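Close look at the chain arrangement
In case you want the letters, here they are:
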Amino acid sequence: MIQNFQGMARRLVAQLEREGIRNKPVLEVIEKTPRHLFMPQSLAHKAYENTALPIGKGQTISQPLMVASMTQLLMQHDCKKVLEIGTGSGYQTAILAQLVAQVCSVERIAELQYQAKRRLKQLELHNVSMRHGDGWLGWRSKAPFDGIIVTAAASELPQQLMAQLSDGGVMIIPVGTDKQRLIVVRRFGDVFERKELGEVKFVPLVPGEPV
Ligand code: SAH
């Protein structure tokens, strides 16, 4: 059991700052969120290293630098209502829930979603709605969203997600199969402006029925 995570979290945040993360609220939230609760206990001793770690079902909790970078990008656009695709461990969800008014999160693996829900409740983060479903379809009844963050790599830009962006909204999504790139899409009316950032490595955004 990890008794006192604050010191380790502080060192992680110092490392993220050295890697170029500048957004103070994002750094503060990462510092106070117990990442070790979002993974199997056997891996908790690695929770404050800057690495992705397995969470079961062939999935991973994303690397802290990736969580910080994507969240920082989203925060540059003053998002209030955010859709996350790929709840996974719920760690990115927890970070977002402390920065924006409302988070909606979709996960296709029921067991991961169940565990994530339990963790968010334990941390008393109540501004999150979760759905077991196919993220390619987004969450139409909750749309539009000022921000959409996808934490699995899509083979192409999902049209349904683009349609659920509000006017002026922003989507951050890894796209590609062998080679993946982080893409930032902004919506202006019917026009979608797209910017390519660096190469990234995520598990795939799996098509088809949830499990
Ligand atoms: N943000 C998470 C990342 C988990 S990995 C974290 O840091 O813990 C990506 C997640 O996307 C996995 O849990 C995987 O099951 C989920 N996923 C993959 N394809 C999906 C789809 N089509 N719809 C919803 N979730 C999907």
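- The name given to the protein chain in an unreviewed UniProt entry is Protein-L-isoaspartate O-methyltransferase, and the organism recorded there is Pseudidiomarina maritima.

1. Brief notes about the overall build of the protein chain
- In terms of helices and strands, the protein chain carries 6 helices and 9 strands.
- Whereas a compact globule of 211 residues would reach a radius of gyration of roughly 17 Å, the protein chain reaches 16 Å, a difference of no more than 12%.
- Seen through its C-alpha atoms, the protein chain measures out along the principal axes to roughly 50 × 35 × 35 Å.
- Buried positions account for 53% of the 211 residues belonging to the protein chain.
- Intrachain contacts of the protein chain at a sequence separation of at least 6 include 53% that bridge at least 24 residues.
- Within the protein chain, one finds 26 positive and 20 negative side-chain charges whose respective centroids are separated by 4 Å.

2. Comments concerning the environment of His45
- Counting through the fold element by element, His45 comes out in the loop between α2 (24–32) and β1 (53–56).
- Sequence-wise, His45 and Ile2 are 43 residues apart; in three dimensions their C-alpha atoms are separated by 7.4 Å.
- At 3.4 Å, the side chain of His45 forms a polar contact with the backbone oxygen of Ser42.

3. Some words on the nonpolar core
- Ranked by internal contacts, the top residues of the largest apolar core, which has 52 residues, are Leu16, Ile30 and Leu74.
- At 8 residues, helix α3 (residues 64–75) tops the list of elements feeding residues into this core.
- Sequence-distant contacts of Leu16, that is, excluding residues within four places in its chain, are made with Ile21, Leu27, Ile30, Asn50, Pro64, Leu65 and Ala68.
- In this structure, Trp136, Trp139, Ala154 and Leu205 belong to the second largest nonpolar core, which totals 21 residues.

4. Some details on the packing of helix α1 (residues 6–18) against α2
- Contact geometry for α1 and α2: axes closest at 9 Å, N-to-C directions at 150°. Taken together, the axes of α1 and α2 are roughly antiparallel relative to one another. Seen from above, α1 lies across α2 with right-handed handedness. Contact residues: Ala9, Arg10, Leu12, Val13, Leu16 and Glu17 in α1; Lys24, Leu27, Ile30 and Glu31 in α2.

5. Some points on the site of the ligand
- As a matter of local geometry, the ligand sits amid 25 residues, with Ser62, Ser89, Glu107, Gly135 and Val206 nearest to it.
- Contact distances for the ligand include 3.3 Å between a nitrogen atom and a backbone N or O atom of Gly86.
- For the ligand, a nitrogen atom lies 3.3 Å from a polar atom in the backbone of Arg108.
- Within the complex, 99% of the 580 Å² of free accessible area of the ligand lies under protein.
- Looking at the shell around the ligand, the elements that each hand over two or more residues are β2 (59–61) and β4 (102–107).
- Per-element accounting of the shell around the ligand gives the leading share, 3 residues, to β2.
- Among the residues forming the shell around the ligand, the class breakdown is 10 nonpolar, 11 polar and 4 charged.

What counts as what
- Residues numbered from 1 in each chain as written.
- Predicted model: local features only at pLDDT ≥ 70, side-chain atom pairs only at ≥ 80, totals over all residues.
- Heavy atoms only, no water.
- Helix = DSSP H or I, 4+ residues; strand = E, 2+ residues; numbered from the N terminus.
- Rg over C-alpha atoms; globule rule 2.2 N^0.38 Å.
- Buried < 20%, exposed > 50% of the residue type's maximum accessible area, 1.4 Å probe, protein only.
- Contact = heavy atoms within 4.5 Å.
- Lys, Arg positive; Asp, Glu negative; His and termini not counted.
- Charge placed at Lys NZ, Arg CZ, Asp CG, Glu CD.
- Polar contact = N/O pair within 3.5 Å; in protein donor to acceptor, adjacent residues only side chain to side chain.
- Core = buried A, V, L, I, M, F, W, Y, C linked by side-chain atoms within 4.5 Å.
- Axes fitted to C-alpha atoms, helices over the stretch in contact; angles between N-to-C directions.
- Parallel < 35°, antiparallel > 145°, perpendicular 65-115°, else oblique.
- Left-handed = near helix turned anticlockwise from the far one by under 90°.
- Near = heavy atom within 4 Å.
- Areas by Shrake-Rupley, 256 points an atom, 1.4 Å probe, with all protein chains shown as cover.
- Nonpolar A, V, L, I, M, F, W, Y, C, P; charged D, E, K, R; others polar.

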